[in-house]
Amino acid sequence: MAIRLSEYLKSIYGEKVYRLSLSSGCTCPNRDGSIILSDGTRLTGGCTFCSEGGSGEFAAKVAPISQQIEVAKKRIRNKTDAGKFIAYFQSYTNTYGDISGLKELYMDTIKRDDIEILSIGTRPDCLGPEVLEMLKDLRQIKPVWIELGLQTIKEESAEHFHRGYKLEVFEEAYQNLKELDIEVIVHVIFGLPGETKEDMLDTVRYLSALNPPLDGIKLQNLQILRDTQMYEEYKKTPFHILTLDEHTDLLEESLKLLPDKTVIHRMTGDGPRALLIEPLWSLDKKHVLNTINKKVNKYF
Ligand code: SF4
């Protein structure tokens, strides 16, 4: 059986652990022109679904880190009396930058008493030897999660949305991270243009067969956001957007495939309401969660 993230955290920490959305100040090599494809093309626009916020619109953009953490904690404490936190660096590519600055940032973060887990979103092509060395040191202190936006194993789709790296780059990074006992969480998007249901489930099958087993997964439906390249593509050549029922079916099939103890971090897209073009059903969060839970509860 898979495990919901909330239950997984409760089983370890005995209480709810809250995410603090933080900013490392990194950019993304897929946006600044550092990635050059074999045909000489320089990627500058990022993944075509990615908005200006780097797929993390809710991050607190205040430096230094101690201030960011206090601001983010205050936001949460307005609603709860939370005491344990995950420092979550979501936007852009958080291992892409000056390594000494990154080391200082993450060390200062992970050593705090209120931080239980350091969670870093990045790309598999930004996990070179120096970064791995840094992660190894951080892992000696507390758990470190690395989140990788693979989205699909179908190379054609990855090229279409300008991911900018091949599956083998993911495979190498995955093995390197697992050797360091880092928890790896992979992001998957259902509903990429041109993908069939079997293509999407092939990605889940592939991830289910990883050895060592995958720690966690985010299963998200594609969201078309305003001011993205994908929105322009969609306006010119509309493609099928998954219905809630189709997405829920994919979740159910995925939960049947994933190995026991895979932690499910998300089951829907989390784009900002203000930018959302499609699917409009994802605006009704309560209905979406009720529909999904009704169908998938038996797999947890
Ligand atoms: S989704 Fe991530 S990797 Fe892709 S352009 Fe946005 S920040 Fe970069």
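Up top you'll find the structure we're talking about.
As the structure is a prediction and not an experimental result, all values here were calculated from the model.

A. Summary view of the overall build of the protein chain. Along the protein chain, the regular secondary structure elements total 10 helices and 12 strands. The C-alpha radius of gyration computed for the protein chain amounts to 18 Å, which stays within 12% of the reference 19 Å derived for 300 residues, consistent with globular compactness. Put simply, the protein chain has 300 residues, and 54% of those count as buried. Long-range contacts, defined as pairs at least 24 residues apart, comprise 80% of the intrachain contacts of the protein chain with a sequence gap of at least 6. Summing over all exposed atoms, the protein chain offers an accessible surface of approximately 13,900 Å²; the carbon and sulfur share of this is 51%.

B. Region of interest: the pairing of strand 9 (residues 216–221). Judged by how many residues are buried, strand 9 sits mostly within the fold: six of six residues are covered. Of the two faces of strand 9, the one carrying Gly216, Lys218 and Gln220 and the one carrying Ile217, Leu219 and Asn221 are both buried. When strand 8 (residues 183–190) meets strand 9, the two strands line up parallel, connected through six bridges. Each bridged residue has a counterpart across the sheet, and for Val186 the counterpart in strand 9 is Ile217. As for the winding sense of the linkage, the β-α-β connection from strand 8 through helix 7 (residues 197–208) to strand 9 is right-handed. Where strand 9 and strand 11 (residues 263–266) come together, three bridges link them in parallel fashion. For Ile217, the partnering residue across the bridge sits in strand 11 and is Ile264.

C. Representation of the nonpolar core within the structure. By size, the foremost hydrophobic cluster in this structure holds 65 residues, and its most contacted members are Tyr106, Leu135, Phe170, Leu177, Phe190 and Leu207. When sequence neighbours within four positions are dropped, the list of residues in contact with Phe190 reads Met200, Val204, Leu219, Gln220, Asn221, Leu222, Leu242, His247, Leu250, Leu251 and Ser254. In terms of nonpolar packing, the next biggest core, distinct from the first, is built from 15 residues, Leu222, Ile224, Tyr231 and Tyr234 among them.

D. Representation of the pattern of salt bridges. Within the structure shown, the criterion is met by 20 salt bridges. Among the ionic pairs, Asp199 bridges to Lys154, the shortest N-O distance being 2.9 Å. Taken together, the residues Asp199 in helix 7 and Lys154 in the loop between strand 7 (144–151) and helix 5 (155–160) connect sequence positions 45 residues apart. One salt bridge connects Asp215 with Lys178, and the closest N-O pair in it is separated by 2.6 Å. One end of the pair, Asp215, is in the loop between helix 7 and strand 9; the other, Lys178, is in helix 6 (residues 167–179), with 37 residues separating them in the sequence. Each member of the pair, Asp215 together with Lys178, is buried. Salt bridges sharing partners connect three or more residues here, namely Glu70, Lys73, Arg112 and Asp114.

Quick notes on the rules
- Residues numbered from 1 in each chain as written.
- Predicted model: local features only at pLDDT ≥ 70, side-chain atom pairs only at ≥ 80, totals over all residues.
- Heavy atoms only, no water.
- Helix = DSSP H or I, 4+ residues; strand = E, 2+ residues; numbered from the N terminus.
- Rg over C-alpha atoms; globule rule 2.2 N^0.38 Å.
- Buried < 20%, exposed > 50% of the residue type's maximum accessible area, 1.4 Å probe, protein only.
- Contact = heavy atoms within 4.5 Å.
- Areas by Shrake-Rupley, 256 points an atom, 1.4 Å probe, with all protein chains shown as cover.
- Pairing = 2+ DSSP bridges.
- Right-handed = clockwise from strand over helix to strand, strands pointing away.
- Core = buried A, V, L, I, M, F, W, Y, C linked by side-chain atoms within 4.5 Å.
- Salt bridge = Lys/Arg side-chain N within 4 Å of Asp/Glu carboxyl O.

Function cannot be read off these values alone, since they describe shape.
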